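Observations on the three-dimensional arrangement
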Amino acid sequence: MIASHCLVTRSNAGRLLAVLVPALLLGVVPVRAQEAGDDLPRVTRTHAITNARIVQAPGRVIERGTVVIHDGLIVAVGTDVEIPFDAERLPGDSLVVYAGFLDGLSHVGIPKPKADQNRERPDDPGNPPDDYAGIQPQQDARTMLEPGDKSVKDLRAAGFGAALTVPHGRMLPGSGALVLLHGDDPDAMVLRGDVALFAQFQGALGVYPATPMGVMAKMRQLYREAERRRLIQQRYDTDPAGLERPPYDDVHYAFFPVIEGKKPVLFYTDEALETYRALRLQRDLGFPLMLAGLKQSFDQIDALKEAGVPLFLTLDLPKEPKKEAKAKQDSVEAEMAAQYDPTLRTATYRDLEAERRNLEARQRESRERYLKNAAMLHEAGLRFGFSTMDVKPADIHKNLRLMIEHGLPEDAALAALTTDAAALLGVSAMLGTVEPGKIANLVVTTKPYFDKDAKIRYVFVDGVKYEYDTKEKKEASGKEHPTEPSSPER
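Residues numbered from 1 in each chain as written. Predicted model: local features only at pLDDT ≥ 70, side-chain atom pairs only at ≥ 80, totals over all residues. Heavy atoms only, no water.

Here's the deal with the overall build of the protein
The helix and strand inventory of the protein stands at 13 helices and 18 strands. Within the protein, the fraction of its 490 residues that count as buried is 49%. By sequence separation, contacts in the protein at least 24 residues apart represent 67% of the contacts at least 6 residues apart. Element-wise, carbon and sulfur atoms account for 50% of the exposed surface of the protein, whose accessible area totals about 24,700 Å². (Helix = DSSP H or I, 4+ residues; strand = E, 2+ residues; numbered from the N terminus. Buried < 20%, exposed > 50% of the residue type's maximum accessible area, 1.4 Å probe, protein only. Contact = heavy atoms within 4.5 Å. Areas by Shrake-Rupley, 256 points an atom, 1.4 Å probe, with all protein chains shown as cover.)

This is the structure we're talking about:
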């Protein structure tokens, strides 16, 4: 059933026609009123996708139903749904509707700052100013958002409606915000602010802390200093009489919510050793932790299970090696190098070709482990979302398919994009499924999303429609190639 506020009377319909008819006579049509960049107001905020296959959540499907969106919310989903008179009807025959995808970590909507080439090197590289050393936890992603940044448009075109975005930087770039990939101004994008303190093992350039071990030491120092300063501040707040006012330090104060357990540290780790280091810091200091990246988590499954922290697995995968050159004749049989042999040793220059092929086999074997990473985490019972950090939006669909080809069930992949991501980010009540009452973030595809030839037809963010061209273009040679998404409608 549709919410009562969506139902209309005949008299309401008459009044709407009285408004629309003069508008049509003046040449103003609804589609025109919804195009991107047009200042004209939208005629309706109500849409109905009819007769579509609706995947409400992984494993929960309505084969032929209707989804009604009104004022940014999903208000009805089902096979017997009353469609409001003012709804834009979108025929969904052959289309598939999913909840909009959630990105667990990226810089979407935050332009990368230009490096200051003329910045003076500090007099004491062992004790540089915090901002020079990349220690800026007081920064807030909400103040850096640019809705018109190309990254917003590109990630949205890949089916994502929301993302946890963080500032650029090095060791401690600042706090992240959960944002919707739509909005005329930064405030309109923010769904939830101050979500996590972003950290990474990216040392400062030429000053302390420049190494991963230096980052660990500096993190311990900052955390302990912040704990001490918080105690002093609490004592002063309780009874300030006769006490000198504690000096304010924005770096230390940014740690207070973390120390109080109200905000996690979100560590991005690029390799297995970094993950172990983040887990060690968490054990020693006791802060709530989230992990993202985790490219080599296939080597850390037991440690991750024991930690029990939210995980966001990177969608970045190693590129496929270039096709091997035609084997040259040498003294080693080709079959010997078809599979990686760690014991292979070459004795003469005639065997170099065999060694090259052996190393290529090792590269293929190593890449296979990365491709199976998500499947291994799933088999181990670990729940995870995905991060689009360091991956081109155009590669996301291809990489997800590679993960599925290497053992990740489709429902598990969809859960990582929707329900599990929403649960790990604490927004299941708002996002992650196609259900009445939730924010109208949807992605509508021409075929099941994980099908090789699936294309995105519509993306809805906060109830606003973005439409994409799914036609195939033919090159002069007659060869077909996919059409890039067109500028979306609003």
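Topic: the pattern of salt bridges
Enumeration according to the criterion identifies 24 salt bridges in this entry. For Glu-88, the salt bridge is made with Lys-465, and the minimal N-O distance between the two is 2.9 Å. Placement of Glu-88 in strand S4 (residues 88-91) and of Lys-465 in strand S16 (residues 464-467) is noted, with a sequence separation of 377 residues between them. Considered together, Glu-88 and Lys-465 belong to a single accessibility category, that of buried residues. Ionic pairing is found between Asp-420 and Arg-383, a salt bridge with its closest N-O pair at 3.0 Å. Residue Asp-420 is found in helix H13 (residues 419-424), and its partner Arg-383 is found in the loop between helix H10 (373-379) and strand S13 (384-387); the two are separated by 37 residues along the sequence. Taking relative accessible area as the criterion, Arg-383 reaches 46% and is therefore assigned partly exposed. (Salt bridge = Lys/Arg side-chain N within 4 Å of Asp/Glu carboxyl O.)

Topic: empty space enclosed by the protein
Counted by the stated rule, this structure contains 3 cavities of 30 Å³ or more. In this structure, the largest cavity spans a volume of roughly 50 Å³. Mapped onto the lining of the largest cavity, the elements with two or more residues apiece are strand S12 (311-314) and H10. A breakdown of the residues in the lining of the largest cavity according to their chemical character gives 6 nonpolar, 2 polar and 2 charged. Lining the second largest cavity are Gly-126, Asn-127, Pro-128, Asp-130, Ala-133, Ile-135, Tyr-208, Pro-209 and Lys-218. Here the lining of the second largest cavity is built from residues that sort into 5 nonpolar, 2 polar and 2 charged. (1 Å grid on protein atoms, 1.4 Å probe; cavity = no way out; pocket = protein on both sides within 12 Å on 5 of 7 lines; lining within 4 Å. Points joined across faces, edges and corners; volume = space filled by probe spheres on them. Nonpolar A, V, L, I, M, F, W, Y, C, P; charged D, E, K, R; others polar.)

Brief notes about helix H5 (residues 212-238)
Taking 1.5 Å per residue, 27 residues should reach 39 Å; H5 reaches 39 Å between its end C-alpha atoms and fits that length. Among all positions in H5, only Gly-214, Val-215, Met-216, Lys-218, Met-219, Leu-222, Tyr-223, Ala-226, Arg-229, Arg-230 and Gln-233 are buried. For H5, the secondary structure elements touched by its buried residues are strand S9 (190-200), helix H6 (250-259), strand S10 (265-269) and helix H7 (272-285). (Expected span 1.5 Å × (residues − 1).)

Focus on the environment of Val-427
Looking at where Val-427 falls in the secondary structure, it is placed in the loop between H13 and strand S14 (442-445). Those residues in contact with Val-427 that lie beyond four places of it in its chain are Leu-102, Leu-178, Arg-192 and Ala-422.

Brief notes about the pairing of strand S6 (residues 101-106)
With 6 of 6 residues buried, S6 is to be regarded as a mostly interior element. Sheet topology places S6 next to strand S7 (residues 160-165); 4 bridges connect them, and they run parallel. In the strand pairing of S7, Leu-102 is matched with Ala-162. (Pairing = 2+ DSSP bridges.)

Regarding the packing of H5 against H7
Helix packing for two helices is described by the angle between their axes and how far apart those axes are. Interaxial distance between H5 and H7 falls to 11 Å at its minimum, and their mutual angle equals 20°. As the angle between them shows, H5 and H7 are arranged roughly parallel. Judged by the twist between their axes, the crossing of H5 over H7 is right-handed. Between H5 and H7, the contacting residues are Pro-212, Met-213, Met-216, Met-219, Arg-220, Tyr-223 and Arg-224 on the first element and Arg-277, Arg-280, Leu-281, Asp-284 and Leu-285 on the second. The residue makeup of the contact of H5 with H7, split by class, is 7 nonpolar, no polar and 5 charged. (Axes fitted to C-alpha atoms, helices over the stretch in contact; angles between N-to-C directions. Parallel < 35°, antiparallel > 145°, perpendicular 65-115°, else oblique. Left-handed = near helix turned anticlockwise from the far one by under 90°.)

Description of the sheet that holds strand S8 (residues 174-180)
Taking strand neighbours across the sheet as the criterion, the 8 strands line up as S6-S7-S8-S9-S10-S11-S12-S13 in an open arrangement whose pairing is mixed. Two strands in the sheet have a free side with no partner beyond their single neighbour: S6 and S13. Each adjacent strand pair in this sheet contributes to an overall mean axis angle of 30°, direction not counted. Pairing geometry for S9 and S10, over 4 bridges, is parallel. Within S10, the position partnered with Ala-199 by the bridge is Phe-267. Contacting S6, S7 and S13, helix H12 (residues 410-417) runs over the sheet at an angle of about 70° to S13.

Considerations on the pairing of S13
The alternating pattern of S13 places Phe-384 and Phe-386 and Gly-385 and Ser-387 on opposite faces, both of which are buried. Of the strand pairs in this sheet, S12 and S13 are connected by 4 bridges, and their pairing is parallel. Counted as the bridge partner of Leu-313 is Phe-386 from S13.

Some remarks on unusual backbone geometry
Residue Pro-209 follows Tyr-208 across a cis peptide bond; omega there is 0°. Here Pro-209 lies in the loop between S9 and H5. Located in the positive-phi region is Asn-51, a residue other than glycine, with phi close to 55°. Within the secondary structure layout, Asn-51 lies in strand S1 (residues 46-57).

Some points on the packing of H5 against H6
Taken N-terminus to C-terminus, the directions of H5 and H6 make an angle of 85°; their axes are 8 Å apart at the nearest point. Judged by the angle between their axes, H5 and H6 are roughly perpendicular. Contacts from Met-219, Leu-222, Tyr-223, Glu-225, Ala-226, Glu-227, Arg-229, Arg-230 and Gln-233 in H5 reach Val-251, His-252, Tyr-253, Phe-255, Phe-256, Val-258 and Ile-259 in H6. Counted by class, the contact of H5 with H6 contains 10 nonpolar, 2 polar and 4 charged residues.

Structural notes on helix H9 (residues 352-371)
Taking 1.5 Å as the rise per residue, H9 with 20 residues should run 28 Å; its terminal C-alpha atoms sit 29 Å apart, in good agreement. Regarding H9, the residues found buried are Glu-353, Ala-354, Arg-357, Asn-358, Glu-360, Ala-361, Arg-367, Tyr-370 and Leu-371. On the buried face of H9, the contacting elements are H10 and helix H11 (393-405).

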